[in-house]
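Secondary and tertiary structure notes
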Amino acid sequence: MASSRHRRLVALVLALMLVVPLVIALVTVANPNRPSSAEPSDRPSAANPACRTAPGYVTSAVQRYVDRFAARTGFEGRNLPAPPRVAELRREFDQVRRQVESAGCDLTAFRSSLRTSLADVRADGPLATAVSGLLRSASLRALGGAPAPAVATLGAGEDLAAAVAQAPLGGTLRLAAGTYTLDQPLYVLQDLTLQGAGRGRTTVVSTAAGGGIVMPLPAQLRLDRLALEHRGAASASVLMVWAGRATLAAVQVSGGSTPTPAGDRAQALGGGAGSGVLVARDGSVRMRGVALDDNDVAGLLAGDHATVDVRGSSFADNGLCGICATGQSRGLVQGSTLSGSPVGVYVGQRARPTLRANMVRDNGEVGIAVQEAARPVIVGNEVSDSDAIGIGVYATSRPRIVDNTVTGSGKAGLVLSTGSSARAHVERNRLADNASGDIVVAGQGRHDLRGNHCSSALQLLLVDGASPTLSGNACEVRRVAR
């Protein structure tokens, strides 16, 4: 990843790309017939036609930049142009404003002409429209327009998308109790806080296809005390974090939708639709007291190089998994409850999250499933009443499973069914009341089982010659053939 210094440099270059044409125009305004080093003309520059044409230069620069986002949705998540940072734009436009004033142009007239000119910027697609709105409002404010309030309040039914486009960098929009509707994705392109009156009182409802709220570019979004919901037949995830960081506190997220039949929803993991929160590429998400319920695929889907920090949250009745961690995603899930889904937590590919002190209960197939080459740390969780398997470890995965309690599984408490390159470290777990065995080991994985305590009728089963390392386990060992 690029250094912060490099990112600042790129942002500054992009800002200058917009501003330099206007500065050149203003040099012409101040001195149309002389080099810039000459003495100022005695002729009043306000009368020069260039005072009226200069806004066209900045509009052309904005148009060229907006065109780079033409036909983009933001759901691609990568290979998108980086936007100029609003703070950098403001500094550069302050310089432009001083140039306007020193050239003798009437600033009020200049700003009025610029507003009219910017209204002609064309945008192809919703992402380009959002970028255009951001640049237009930032340009006008920086050139002496009325500053947007740092904190603004919206009433129920007001246009949330328009308010986001007008919000200043780092601004807060307070959403009064009621419902706010979105029929197009809401793109967050700069730092912003949306603050509701309570997740049972303030609801943002999206019917948009693809995503409800989308973060395609680096930004910081904070969501407080509100509900996010997708409604309708369109396939979408509710919140998509492709870049930047989203922080959610006391938020409810529901309604992620996909047309994929229930039995095939594992295939939907790669498509991005159908989840409550999707965080992927280099995005990150922080959750405190969040409820992610009734989404067709996952409550939370983390992929690529995403980072998650989830504490004190709940995931219920999602169509495939409460949490699905794929790619090389990482982070922490702690003190949360996962229930009512086919799989409470799925960890696949090369993901390596830490699952600590969670309650994983009443899930339809597996409480925690570890697949492919994943390397999670699973410590101190209570896994109970899974219809089939409490914790399942498969393929070439290498989890650490320590200090968990696994009870009431319809089949086995802990299953290790892996290839020869897999290695699970299983230590100090307590297993009880699992119908078909507390621990079942199959395959040729090089597993290490130490200090575990079993108390079901069938305790530690070694299937078809499986030979893990066993040390200090309070488990009766049986060797069985299939």
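Because the structure is predicted, anything quoted here is derived from the model rather than measured. (Residues numbered from 1 in each chain as written. Predicted model: local features only at pLDDT ≥ 70, side-chain atom pairs only at ≥ 80, totals over all residues. Heavy atoms only, no water.)

**Some thoughts on the overall build of the protein chain**
Helices and strands together make up the secondary structure of the protein chain, namely six helices and 37 strands. Considering the protein chain as a whole, with its 482 residues, one finds that 53% of them fall into the buried category. Restricting to contacts in the protein chain with at least 6 residues of sequence separation, those with at least 24 account for 54%. When the accessible surface of the protein chain is totalled, it reaches about 19800 Å², and 49% of it is carbon and sulfur. (Helix = DSSP H or I, 4+ residues; strand = E, 2+ residues; numbered from the N terminus. Buried < 20%, exposed > 50% of the residue type's maximum accessible area, 1.4 Å probe, protein only. Contact = heavy atoms within 4.5 Å. Areas by Shrake-Rupley, 256 points an atom, 1.4 Å probe, with all protein chains shown as cover.)

**Digging into the pairing of strand E10 (residues 245-254)**
When you tally the buried positions in E10, you get seven out of ten residues, the bulk of the element. Where strand E8 (residues 220-230) lies against E10, nine bridges are found, and the strand directions are parallel. Bridge pairing links arginine 222 to threonine 247 in E10. For E10 and strand E13 (residues 291-293), the ladder comprises three bridges, and the chain directions are parallel. Residue pairing for E13: valine 253 is matched across the bridge by leucine 292. (Pairing = 2+ DSSP bridges.)

**What to know about the state of the cysteines**
Following the criterion strictly, the structure yields two disulfides and no others. Cysteine 321 shares a disulfide with cysteine 324; S-S distance 1.6 Å. Looking down the S-S bond of the cysteine 321 and cysteine 324 bridge, the torsion is -100°, so its handedness is left-handed. The same class applies to cysteine 321 as to cysteine 324, namely buried. (Disulfide = S-S within 2.5 Å.)

**What to know about the pattern of salt bridges**
Within this structure, the stated rule accounts for nine salt bridges. A salt bridge links arginine 222 to aspartate 224, with the nearest nitrogen and oxygen atoms 2.8 Å apart. With a closest N to O distance of 2.8 Å, arginine 450 and aspartate 448 form a salt bridge. Arginine 450 gets classed as partly exposed once you look at its relative accessible area, which sits at 32%. The exposure class assigned to aspartate 448 is buried, which follows from its relative accessible area of 8%. (Salt bridge = Lys/Arg side-chain N within 4 Å of Asp/Glu carboxyl O.)

**Things to note about helix H4 (residues 107-118)**
Each turn of an α-helix holds 3.6 residues, which means side chains three or four residues apart point in the same direction. For H4, built from twelve residues, the straight-helix expectation of 16 Å at 1.5 Å per residue is met to within 8% by its first-to-last C-alpha distance of 16 Å. Leu107, Phe110, Arg111, Leu114, Ser117 and Leu118 are the residues of H4 that are buried. The buried residues of H4 occupy one face: seen down the axis, they fall within an arc of 125°. What points out from H4, more than 90 degrees from its buried face, is the exposed set Thr108 and Thr116. (Expected span 1.5 Å × (residues − 1). Arc of directions from axis to C-beta.)

**Notes on a positive patch on the surface**
Together, Arg350, Arg352, Arg375, Arg398, Arg423 and Arg446 line one region of the surface with positive charge. When you line up the elements, arginine 350 lands in the loop between strand E20 (343-347) and strand E21 (352-356). Take arginine 350: its relative accessible area is 56%, and that puts it in the exposed class. (Patch = residues over 30% accessible without salt bridge, like charges linked within 9 Å, V, L, I, M, F, W, Y side chains within 5 Å. Lys, Arg positive; Asp, Glu negative; His and termini not counted. Charge placed at Lys NZ, Arg CZ, Asp CG, Glu CD.)

**What to know about the nonpolar core**
Residues Leu160, Leu248 and Leu300 are the most contacted members of the largest nonpolar core, which totals 71 residues. Sequence-distant contacts of leucine 248, that is, excluding residues within four places in its chain, are made with Leu223, Leu239, Val253, Val277, Val285, Arg286, Met287, Arg288 and Val290. If you look at the next biggest cluster of nonpolar residues, it comprises 43 residues, including Trp242, Val366, Ile389 and Val440. (Core = buried A, V, L, I, M, F, W, Y, C linked by side-chain atoms within 4.5 Å.)

**As for the environment of valine 205**
Note that valine 205 resides in strand E6 (residues 202-206). Here valine 205 falls in the buried class, since its relative accessible area comes to 5%. Separated by 25 residues in the primary sequence, valine 205 and histidine 230 place their C-alpha atoms 5.7 Å from one another.

**Here's the deal with the confidence of the model for the protein chain**
Looking at the protein chain, the pLDDT average stands at 84 and 80% of residues meet or exceed 70. Here residues 1-46 scores under 50 on pLDDT; set against residues more than four positions off or in separate chains, the count is 76 contacts. (pLDDT = per-residue confidence, 0-100.)

**Quick word on a negative patch on the surface**
On the surface, Asp362, Glu365, Asp385 and Asp387 cluster together into a patch of negative charge. By secondary structure assignment, the location of aspartate 387 is in the loop between strand E25 (382-384) and strand E26 (389-395). Look at aspartate 387 and you get exposed, because its relative accessible area is 52%.

**A word on the environment of asparagine 295**
For asparagine 295, the position within the fold is in the loop between E13 and strand E14 (298-302). Owing to a relative accessible area of 2%, asparagine 295 belongs among the buried residues under this scheme. Between the C-alpha atoms of asparagine 295 and phenylalanine 315, which are 20 residues apart in sequence, the distance is 9.6 Å. In this structure asparagine 295 touches Val238, Val253, Ser254, Gly255, Gly256, Gly274, Ser275, Gly276, Asp317, Asn318 and Gly319, once residues within four positions along its chain are discounted.

**So, unusual backbone geometry**
Even without being glycine, aspartate 294 reaches a positive phi, approximately 60°. Following the sequence through the fold, aspartate 294 ends up in the loop between E13 and E14. Unusually for a residue other than glycine, glutamate 372 sits at a positive phi of about 55°. Here glutamate 372 is to be found in the loop between strand E23 (366-370) and strand E24 (377-379).

**So, the pairing of E26**
In terms of burial, E26 is a largely internal element, six of the seven residues being buried. Relative to E26, E23 runs parallel, the two being bridged by four bridges. Paired with alanine 369 across the two strands is glycine 392, which belongs to E26. Across five bridges, E26 lies against strand E29 (residues 412-418) in parallel orientation.

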